[in-house]
Amino acid sequence: MTHYNPPMPTNWNTIIGHDWAVELLAKAIEHDRVGHAYLITGPEHIGKTTMARTFAQALNCEAGGKPQVASGKSSTSDQQPTTNNQIPCGKCRACKLIAEDRHPDVRLVEPEVSGRGKPTLKIEAIRELQQDLNLSTYEARYKVAILTRFDAATIGAANAFLKTLEEPPNKVILLLTATDADTLLPTISSRCRTIGLRPLPTDTIEQSLTIRWHVPDDKAHLLAHLSDGRLGWAVQAAQDPTILENREQHLAWLDEALNGSRVARFDLADKLSRKPEQLPTILQTWLSWWRDLTILAQGPTRDGIVLTNIDQESQLAQLAQTWTAEQALASLKQTNLALWQLERNANTRLVLENLFLIYPLQPSPS
Ligand SMILES: [Zn+2]
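The structure presented is a predicted model; accordingly, all values stated were derived computationally and were not measured.

Enquirer: Sorry, what's going on with the pairing of strand E1 (residues 37-41) here?
Expert: Consecutive side chains of a regular strand alternate in pointing toward one face of the sheet and then the other. Summarising burial for E1: 5 of the 5 residues are buried, a large majority. Because side chains alternate across E1, one face comprises the buried residues Ala-37, Leu-39 and Thr-41, and the other comprises Tyr-38 and Ile-40, equally buried. In the sheet, E1 pairs with strand E6 (residues 172-178) via 5 bridges, with the strands oriented parallel. Bridging across to E6, Ala-37 finds its partner in Leu-174. Relative to strand E7 (residues 193-196), E1 is paired through 4 bridges, and the arrangement is parallel. From the neighbouring strand, Tyr-38 faces E7, where its bridge partner is Arg-193.

What follows is the structure, encoded as structure tokens:
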């Protein structure tokens, strides 16, 4: 396995992109206007937890001053707010322990993942966190709780947590992450300041991969396109070759389906239905492939539209001549529907059979 070791987060400068969010959080500390709760949203692997962890470092960095929580008691200290952009320093004990998720006052609470791959944040985890938050800090200025993927909270867990959000203990900062604010109870999201992280430009990801992670140019180019603007995904795929190998396999199965007869497709549906834990990723790969084909089938590529599967371009261009944009779009929609149905525990084999009924057949040679 090739390792491209990511640099340890040291300070705000090591966060790539999301400049406005960094500025907002750094300024909040600088001007003593830190809120009690933040909700960081964005797609998976975009950098939400990294942002939260770096904020926790900035709040507790030993090189920093003593910022006050906005709605807390006003500062009695004459100390000037810190304007040093070297905060967090990444070198002090607090910064290092937080980077390694070992700081006694910074708690990372993640959902449990069940056998079927479904994450759940249970009420027990919230209760345990609440007990901890009610104790005073060991060594830090702030107790920080980072609750990742809060959209996985059960109703019971979310309601239990609401109490903490409404009356947070003194010196406690709550940082939640979720893909979308709309997936949370409005009573939760309305009590947080929302920081919405958006996908990064393909060029930014490509440059970061080559410069910071020393990924070879060709690979960086492909991964940047496949990443959908999620740097975390691109770095992970650069480090773990099985991610690209799996994609190759997903595309090979798609090729098998598209070149196969109805009978062959039913056999494939049967085979793939025995891999339920892999299916969401398989369908995501197919979805991006159909999106590319739909764009190409609609005619000459317009400026600004970038294909995802750039290594498939010649094959896609050829198929764009064979099938109409309507056929490509129908397949795209059905793939999206299949994903939606699988999330709701529909019969896997039926979902795949329906999908393959919509996928166009190759025209028989005349
Ligand atoms: Zn530090």
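Enquirer: Please explain the packing of helix H12 (residues 279-297) against helix H14 (residues 325-343) as it appears in this structure.
Expert: Between two packed helices, the angle of one axis relative to the other and the distance separating the axes together describe the packing. Running from N to C, H12 and H14 point in directions that differ by 160°, and their axes come no closer than 8 Å. One way to sum up the angle between H12 and H14 is to call them roughly antiparallel. For the element pair H12 and H14, the recorded crossing hand is left-handed. In this structure, H12 contributes Leu-279, Pro-280, Leu-283, Gln-284, Trp-286, Leu-287, Trp-290, Arg-291, Leu-293, Thr-294 and Ala-297 to the contact, and H14 contributes Ala-325, Ala-328, Leu-329, Ser-331, Leu-332, Thr-335, Asn-336, Ala-338, Leu-339 and Leu-342. Residue composition of the contact of H12 with H14, by class: 15 nonpolar, 5 polar and 1 charged.

Enquirer: It is not clear to me how the nonpolar core should be interpreted in this structure. Could you clarify?
Expert: Nonpolar side chains tend toward joint burial in soluble globular proteins. Core analysis: the biggest nonpolar cluster contains 35 residues, and Leu-272, Trp-286, Trp-289, Trp-290, Leu-293 and Tyr-359 have the highest contact counts within it. Elements with a minimum of two residues in this core: helix H10 (242-259), helix H11 (262-273), H12, helix H13 (313-322), H14 and helix H15 (348-358). The element best represented in this core is H12, accounting for 11 residues. With residues near it in sequence (within four places) discarded, Trp-290 still touches Leu-254, Leu-258, Trp-323, Ala-328, Ser-331, Leu-332, Thr-335, Tyr-359 and Pro-360. With 26 residues, the next largest nonpolar core counts Ala-28, Leu-59, Ile-98 and Val-106 among its residues.

Enquirer: How do you make sense of the environment of Arg-191 when you look at a structure like this?
Expert: With respect to the helices and strands, the residue Arg-191 is situated in the loop between helix H6 (186-189) and E7. Linking Arg-191 and Leu-39, residues 152 residues apart in sequence, is a C-alpha distance of 9.0 Å. Dropping the residues within four chain positions of it, Arg-191 is found in contact with Ala-37, Leu-162, Leu-165 and Glu-166. At 2.9 Å, the side chain of Arg-191 and the backbone oxygen of Thr-187 are in polar contact.

Enquirer: Can you help me understand the coordination of the zinc ion in this one?
Expert: Between any two of four tetrahedral donors, the ideal angle at the metal is 109.5 degrees; between two of six octahedral donors, it is 90 or 180 degrees. Protein coordination at the zinc ion: the donors are Cys-61 (SG), Cys-89 (SG), Cys-92 (SG) and Cys-95 (SG), at 2.3 Å from the metal. One way to put it: the 4 donor atoms around the zinc ion meet at angles of 102 to 120°, and that makes the site tetrahedral. Going along the chain, you hit the donors of the zinc ion in the pattern C-x27-C-x2-C-x2-C. Each member of the pair, Cys-92 as well as Cys-95, carries the same accessibility label: buried.

Enquirer: I keep staring at H12 and nothing clicks. Help me out?
Expert: Since the α-helix turns once every 3.6 residues, residues separated by three or four places project in the same direction. With 19 residues, H12 ought to run about 27 Å at 1.5 Å a step, and its terminal C-alpha atoms sit 26 Å apart, in line with that. Counting buried residues along H12, 15 of its 19 residues qualify, which places the element largely inside the surrounding structure. In the segment just after H12, Gly-299 is the residue with positive phi, at about 120°.

Calculation rules
Residues numbered from 1 in each chain as written. Predicted model: local features only at pLDDT ≥ 70, side-chain atom pairs only at ≥ 80, totals over all residues. Heavy atoms only, no water. Buried < 20%, exposed > 50% of the residue type's maximum accessible area, 1.4 Å probe, protein only. Helix = DSSP H or I, 4+ residues; strand = E, 2+ residues; numbered from the N terminus. Pairing = 2+ DSSP bridges. Axes fitted to C-alpha atoms, helices over the stretch in contact; angles between N-to-C directions. Parallel < 35°, antiparallel > 145°, perpendicular 65-115°, else oblique. Left-handed = near helix turned anticlockwise from the far one by under 90°. Contact = heavy atoms within 4.5 Å. Nonpolar A, V, L, I, M, F, W, Y, C, P; charged D, E, K, R; others polar. Core = buried A, V, L, I, M, F, W, Y, C linked by side-chain atoms within 4.5 Å. Polar contact = N/O pair within 3.5 Å; in protein donor to acceptor, adjacent residues only side chain to side chain. Donors = N, O, S within 2.8 Å, 3.2 Å for Na, K, Ca; no water. Tetrahedral: all angles 85-135°; square planar, octahedral: opposite > 155°, others 65-115°. Expected span 1.5 Å × (residues − 1).

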